[in-house]
Amino acid sequence: MRLNDLLRISVRQVFRHRRRYWGVVLAIALGVAGFITVVTMGSDVKKNFNQKLDLIGGVTIIRAYFDSEQDRTARRLWFQPRTVAALQNLPGVQEASLVGFRPVGAVRHKQQHHFMAVAVDENFWSVRSFWARHGALFSREAVLHRERVCALGSSLARKIYGHDQVAGLSLEIEHDNYLVTGVVGGLADSGLADFAFVPLTTAQDRFTGQTLADRVYVRCRTWDDVAAVAEAIPKTVQAHQGADHLMVHVSWDALRHVQKVAFWLEFLVYLGVFATLTLGGVGIWVVMMAAVRSRTREIGLKKAMGAEDRDILAQFLTESLCLSLGSALLGIGLGRLLVEGTSGWIGIRPSEELFLTCLGLGLLFALAAGVGAGLYPSVQASRMEVVAATRYE
Amino acid sequence: MNSPTPKVSGRIPLIEAVGLTKHFGADGSVIPVLRDVSLKVYPGEMVAVTGPSGSGKSTLLYILGLLLKPTSGIYRLGGDDVLGLDRTGQADCRRRRLGFVFQSCDLMENSNVFENLEFPLIYAGVSRAERQPRVVAAMERVNLGHRLYHQANLLSGGERQRVAVARALVNRPQVILADEPTGQLDRQNSHMIMDHFEEIVGNGDTAVVVVTHDPDIARRCGRICPMEDGVLHGV
Ligand SMILES: Nc1ncnc2c1ncn2[C@@H]1O[C@H](COP(=O)(O)OP(=O)(O)O)[C@@H](O)[C@H]1O
Ligand SMILES: [Mg+2]
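Here, residues in each chain are numbered from 1, in the same order as that chain's written sequence. Each chain is given a letter, starting from A, and each ligand a number, starting from 1, according to the order in which they appear as written. Where totals are concerned, whole chains, interfaces and linings use all residues; where local detail is concerned, this predicted model gives features only for residues with pLDDT of at least 70, and gives and counts side-chain atom pairs only at 80 or more. Where side-chain values are given, they derive from all heavy atoms of the structure, hydrogens and water being excluded.

As for the overall build of chain B
What counts as a helix is a DSSP run of H or I of at least four residues, what counts as a strand is a run of E of at least two, and both are numbered from the N terminus. Helix and strand counts for chain B stand at 7 helices and 10 strands. The C-alpha atoms of chain B give 17 Å as radius of gyration, which agrees with the globular expectation for 235 residues (18 Å, within 12%). Over its C-alpha atoms, taken along the principal directions, chain B stretches across nearly 50 × 40 × 40 Å. Relative accessibility under 20% of the residue-type maximum defines a buried residue, over 50% an exposed one, and the middle range a partly exposed one, all with a 1.4 Å probe and only protein chains included. Across the 235 residues that make up chain B, the buried fraction comes to 57%. Counting only contacts in chain B whose residues sit at least 6 apart along the sequence, the fraction spanning at least 24 positions is 73%. Residue burial considers only the protein chains on display, and all accessible areas are found by Shrake-Rupley using a 1.4 Å probe. Just so you have it, chain B exposes about 9600 Å², and 50% of that area is on carbon and sulfur atoms. Taken as two groups, the 26 positive and 26 negative side-chain charges of chain B have centres that lie 3 Å from each other. We compute the radius of gyration over the C-alpha atoms and compare it with the globule rule, which gives 2.2 Å times the number of residues raised to the power 0.38. Every residue pair with non-hydrogen atoms within 4.5 Å of one another is taken to be in contact. Neither His nor the chain ends contribute to the count of charged residues, in which Lys and Arg are positive and Asp and Glu negative. The atom standing in for a charge is NZ when the residue is Lys, CZ when it is Arg, CG when it is Asp and CD when it is Glu.

If you want it as structure tokens, here you go:
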């Protein structure tokens, strides 16, 4: 039997019996599409989740600070720039931000206000994922150029101005006039809504006395990096300036919770994909067995017309392969759509190489399923005695 | 029996069966279905096998069609011992030398007429270009040239049976074995089938064996062999 005849007849056969096969086609197509999407986009989606700090409760942020309060005799300690630079370069660290706290007084319409000023460096907003609820957050340049600008927590803004539409207004802090750039959003659980934010450089220049940058926020790339980074921080600080009184704080409970949820989510997704693929594989076997049983008449007839055992074997095997490979191709198309969709949604381009690898694996799976599940029924079909097949259906 | 047999002495019989027996049933229970059946059929001959239902006519035809192995006996097709062939050899024999018409006029139901006739040609390795004229010729032989692309399950009973005959013809076999080809047909259609068979044996190198229990049909054959309880008479 020629290959093109074999293919033509098998495809025709599968197509004509499509109602018997659509369940299997669906299972394999969905399984392959799921597999491709999960493997191609999984790490990017995870990365994306790690960027959504509010979603994961900020568990990727580690706070490190010098606590010299207990030891009154000790010198007040702060982080030196080279230490911060070293922390930035730790593996698993996305960014670090240097911060100091200082109580300040402010005057507005002759009214005195006392609150805590947070003196922040240029990375602060992005490390903490804060955003402007109103107006804008002061820029990198404002920090580098030591500008007199500030951003307010919303409840502080209301306390001073009676409302929080304060962008563009001015505020006298420690006898200097500051331009209010906006109101900070995303502070809900941070306890910072009553605080004002000023550039660290400006604070160190202008505020009387010292504004000690004794606090560092280290943001890890993913929740899986947190433990290692938390362990590395004291060593790094020790290596650069000494780590006496250094406190490192991680929200371990929240972190474990997030990791647990992420693990189960991932597990369930993989399980789903695995189950669907298994269903498809078993499905082909069942469908081909049923086909052989219900088509004994056809098999006998073909043998009477002179088909050899291997013609029958080849036909059923090819049908099985058409089914599995066709379904896989459908799944690959669907997977591509899903990958495009997800990458559009999270704004990260997937690795084309990874996609192609998955595509290959999907086809390989289909090939294995087609041959593996189709072989036994096909051999059975080919061994069938002609008369048994034509007479007793 | 009634009409003169056109056999030419000295020629090799196309079918030569000697002492064929067939038993069904495993171990203890043995049901003898054919008992010592011998038969010679020469080229150009049309032989009718008649007999009551259950007498073993289909079984004999299946054995002659290499669709069933006899329990014992010798079967030569055109002088070749075909029972000694392996499965592949027998398949080759089926597609090149034998044409079979089943009792139930089996067609591939979800295929059209052309596709039905194409299968034997595909299995015989006939090139695609050559298939079309061969199919058309076979269909014209049974006067159904206009039904080439009809769906098999939409044909009438007579047409189906004629398509089944055309399919048995398409590989130009030496022997055509037809199991009650007119069983489900009216008189007119039955005789039309027999006309086709007569035309086929008319060329002198093909033989036809027809199983039937219709005496009218049997009379049209050159020789009638009645079968009774597994024994073939009138050979
Ligand atoms: N595969 C089989 N197993 C057991 N008995 C069979 C089988 N095939 C045929 N028979 C029996 O052999 C006898 C002859 O059958 P068959 O050749 O079909 O008769 P006919 O065609 O003359 O009506 C019947 O009694 C039938 O039941
Ligand atoms: Mg019968």
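Observations concerning the interface of chain B and chain A
By a widespread convention, an interface's size corresponds to the accessible area lost as its parts come together. Listed per partner, the contact involves 30 residues of chain B and 30 residues of chain A. Put simply, buried area is how much 1.4 Å-probe accessible surface two parts lose in total, over both of them, once they are put together. Carbon and sulfur atoms supply 51% of the area buried between chain B and chain A, which totals about 2700 Å² over both sides. The term salt bridge refers to a pairing of a side-chain nitrogen on Lys or Arg with a carboxyl oxygen on Asp or Glu at a separation within 4 Å. Where chain B meets chain A, there are 7 salt bridges. For the salt bridge of arginine 12 of chain A with glutamate 115 of chain B, the shortest nitrogen-to-oxygen distance reads 3.3 Å. In the analysis that follows, any N or O atom pair within 3.5 Å is treated as a polar contact, provided that within protein one partner can donate a hydrogen and the other can accept it, and provided that, for residues neighboring in sequence, both atoms belong to side chains. Between chain B and chain A we count 15 residue pairs in polar contact (both at pLDDT 80 or more) in total. Residue contributions to the side of chain B that touches chain A peak at 7 residues, all from helix α3 (residues 113-123) of chain B. For the side of chain B that touches chain A, a count of residues per class yields 12 nonpolar, 9 polar and 9 charged. Charged means Asp, Glu, Lys or Arg here, nonpolar means Ala, Val, Leu, Ile, Met, Phe, Trp, Tyr, Cys or Pro, and polar covers whatever is left, Gly included.

Observations regarding the sheet that holds strand β1 (residues 15-24) of chain B
All names here are of chain B. Paired strands, as defined in this entry, are two strands with at least two bridges between them according to DSSP. Spatially, 4 strands are ordered β2-β1-β4-β5 in an open sheet, and the strand pairing comes out antiparallel. The outermost strands of the open sheet, each flanked by one partner alone, are β2 (31-41) and β5 (80-81). Note that β1 and β2 share 7 bridges and pair antiparallel. Looking at β2, one finds that histidine 23 is bridged to proline 32. Every axis corresponds to a line fitted to the C-alpha atoms, with the helix fit spanning only the stretch in contact, and the corresponding angles, defined between N-to-C directions, vary from 0 to 180 degrees. On the sheet, helix α1 (residues 57-64) packs against β1, β2 and β4 (72-77) and is oriented at approximately 125° with respect to β1.

As for the nonpolar core
Throughout this description, the term nonpolar core refers to a set of buried Ala, Val, Leu, Ile, Met, Phe, Trp, Tyr and Cys residues connected via side-chain atoms within 4.5 Å. Ile15, Leu64 and Leu177 of chain B are the most contacted members of the largest nonpolar core, which totals 74 residues. When residues of this core are assigned to their parent elements, the largest contribution, 8 residues, is made by helix α2 (residues 18-51) of chain A. Not counting residues within four places of it along the chain, the set of residues in contact with isoleucine 15 of chain B comprises Leu39, Lys40, Val41, Leu64, Tyr75, Arg76, Leu77, Val175, Leu177 and Val209 of chain B. Formed by 71 residues, the second largest nonpolar core is a distinct cluster that contains Ile61, Val180, Val183 and Ile233 of chain A.

A look at the domain arrangement of chain A
Residue and element names in this part refer to chain A. The domain architecture assigned to chain A consists of domain 1 (3-51 + 258-390) and domain 2 (60-250). Domain 1 puts 7 residues into the contact, and the matching count from domain 2 is 8 residues. On the domain 1 side of the interface with domain 2, the three residues burying the most area are Asn50, Gln51 and Gln259, jointly 65% of the side's total. Applying the counting criterion to the domain 1 and domain 2 interface returns 0 salt bridges. For the side of domain 1 that touches domain 2, the secondary-structure elements that each account for two or more residues are α2 and α9 (252-294). Take the side of domain 1 that touches domain 2: its biggest share by element is 4 residues, from α2. Taken together, the residues of the side of domain 1 that touches domain 2 sort by class into 3 nonpolar, 3 polar and 1 charged. The split of the chain into domains comes from an automatic or database domain assignment.

What to know about the side chain of glutamine 315 of chain A
Along the polypeptide, glutamine 315 of chain A turns up in helix α11 (residues 309-346). On the basis of relative accessibility, which here comes to 1%, the residue glutamine 315 of chain A falls in the buried class. Within the structure, glutamine 315 of chain A has its side chain in polar contact with the side chain of glutamate 298 of chain A (distance 3.5 Å). Sequence-distant contacts of glutamine 315 of chain A, that is, excluding residues within four places in its chain, are made with Leu6, Ser10, Gln13, Arg295, Glu298 and Lys302 of chain A together with Tyr123 of chain B.

Some thoughts on the pattern of salt bridges
Counted under the stated rule, the structure contains 37 salt bridges over all chains. When the shortest N-O distance is used, the salt bridge between aspartate 80 of chain B and arginine 97 of chain B registers 2.9 Å. With aspartate 80 of chain B in strand β5 and arginine 97 of chain B in helix α2 (residues 87-97), this pair connects stretches of sequence that are 17 residues apart. By relative accessible area, arginine 97 of chain B is classed as buried at 18%. Connected through salt bridges with shared partners, the residues Glu308 and Arg310 of chain A together with Asp92, Arg95 and Arg96 of chain B form a single ionic network.

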